[in-house]
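# Inside the fold
The chain contents come next:
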Amino acid sequence: MIVTIDGPAGSGKSSAARQLARRLGFQFLDTGAMYRAVALAGQREDVDWDAPDQLAQIAQKSQIELSQDRILLDGQDVTQEIRTVEITQLTKYAADNTQVRKILVEAQRKFAEGQDVVAEGRDQATVVFPQAQCKIFLTADEKVRAQRRFLDLVSRGERVTLDSVLDNQRIRDQQDEERRIGGLRKADDSIEIHTNGMTPAQVVERLEALVRERM
Ligand code: C5P
């Protein structure tokens, strides 16, 4: 069974998807982490960000492995490193790159072969798994989303202000919505859930109930 969870940054989808996968005994596919890992690989190899072919080559040869809670790039644990503000900003070069998207979409489909999966991202219901049995679109008001992300970054020791987080989020929302291929769009058959005012536990419970109805 494939469950897709798409939505904008800060909608709470990452932690909800991870916990949902754990509860169901499914594998968790964090596709944002894959785009982030490609950006980190590019930064490490001092890629020319204006040369899309170079980044695509790096994506092709990089080994990205996901397990429930960790992400490995060429065998090294980069779980924390891919979440910095700098890598978050550079990730647009991976996400806007058509060749990189092709490589990662293929890897995502391969990951799901023969497994029950909760797949989380922007294009999981629309592009990667249009046949998924349960499609969810999670969202929340932009201020609520920015506040969540701010608290998350501060808890990880980043020095940021709420205003800067909101500004960066607006830029990212716009980039995600305007992306021609794999952009953020709710699939016609996705169930939309607004998480404003819901606790993380309530979100997971709601998602689990929706999935179990379809099992
Ligand atoms: O979800 P997360 O914030 O980790 O995603 C990082 C970036 O990767 C997003 O801003 C988005 O631009 C991109 N992304 C994407 N397609 C996905 C998942 C993430 O383009 N399936």
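Residues numbered from 1 in each chain as written. Predicted model: local features only at pLDDT ≥ 70, side-chain atom pairs only at ≥ 80, totals over all residues. Heavy atoms only, no water.

The next point concerns the UniProt feature "binding site: ATP" (unreviewed entry) in the protein chain. Residues given the UniProt feature "binding site: ATP" (unreviewed entry) here are G7, P8, A9, G10, S11, G12, K13, S14 and S15. Structurally, G7 is set in the loop between β1 (2-6) and α1 (13-24). What makes G7 buried here is its relative accessible area of 0%. Contact partners of G7, with chain neighbours within four places excluded, come to K13, G121, R122, F137, L138 and L184. In this fold, K13 is placed in helix α1. Of the residues examined, K13 reaches a relative accessible area of 6% and is grouped as buried. (UniProt positions renumbered as here; feature names shortened; annotations may be inferred. Helix = DSSP H or I, 4+ residues; strand = E, 2+ residues; numbered from the N terminus. Buried < 20%, exposed > 50% of the residue type's maximum accessible area, 1.4 Å probe, protein only. Contact = heavy atoms within 4.5 Å.)

For the rest of this paragraph, the subject is the site of the ligand. Of all residues adjacent to the ligand, which total 17 residues, the nearest are R36, R101, D123, R172 and D176. R122 has a polar side-chain atom sitting 3.0 Å from an oxygen atom of the ligand. Considering the ligand on its own, with 450 Å² of exposed area, one finds that the protein chains cover 96% of that surface. Of all elements in the fold, only α2 (31-44), α4 (85-95), β6 (117-121) and α8 (162-178) reach the threshold of two or more residues within the shell around the ligand. (Near = heavy atom within 4 Å. Polar contact = N/O pair within 3.5 Å; in protein donor to acceptor, adjacent residues only side chain to side chain. Areas by Shrake-Rupley, 256 points an atom, 1.4 Å probe, with all protein chains shown as cover.)

A word on the sheet that holds strand β5 (residues 76-77). Spatial ordering of the open sheet is given by β3-β4-β5, a layout of three strands whose pairing is antiparallel. Whereas interior strands pair on both sides, the edge strands pair on one side only; in this sheet they are β3 (64-66) and β5. As judged from the three bridges shared by β3 and strand β4 (residues 71-73), these two strands associate in the antiparallel manner. Bridging from a neighbouring strand, E65 pairs with L72 of β4. Against the sheet, α2 makes contact with β3, β4 and β5, and its axis sits at roughly 30 degrees relative to β4, the strand it touches most. (Pairing = 2+ DSSP bridges. Axes fitted to C-alpha atoms, helices over the stretch in contact; angles between N-to-C directions.)

Here we take up the pairing of β1. The buried fraction of β1 is high, at five of five residues. Burial along β1 is two-sided: I2, T4 and D6 and V3 and I5, pointing in opposite directions, are all buried. Note that β1 and β6 share five bridges and pair parallel. The partner of I5 across the bridge, within β6, is E120. Alignment of β1 against strand β7 (residues 134-139), held across four bridges, turns out to be parallel. Across the sheet, the residue bridging to T4 is K135, located in β7.

Bringing helix α9 (residues 200-213) into the picture now. When the terminal C-alpha atoms of α9 are compared, their 20 Å separation across 14 residues agrees well with the 20 Å that a helix rising 1.5 Å per residue should span. Inspection of α9 places V203, V204, L207, E208, L210 and V211 among the buried residues, and these make up the whole buried set. One side of α9 holds all its buried residues, which, seen down the axis, span an arc of 160 degrees. (Expected span 1.5 Å × (residues − 1). Arc of directions from axis to C-beta.)

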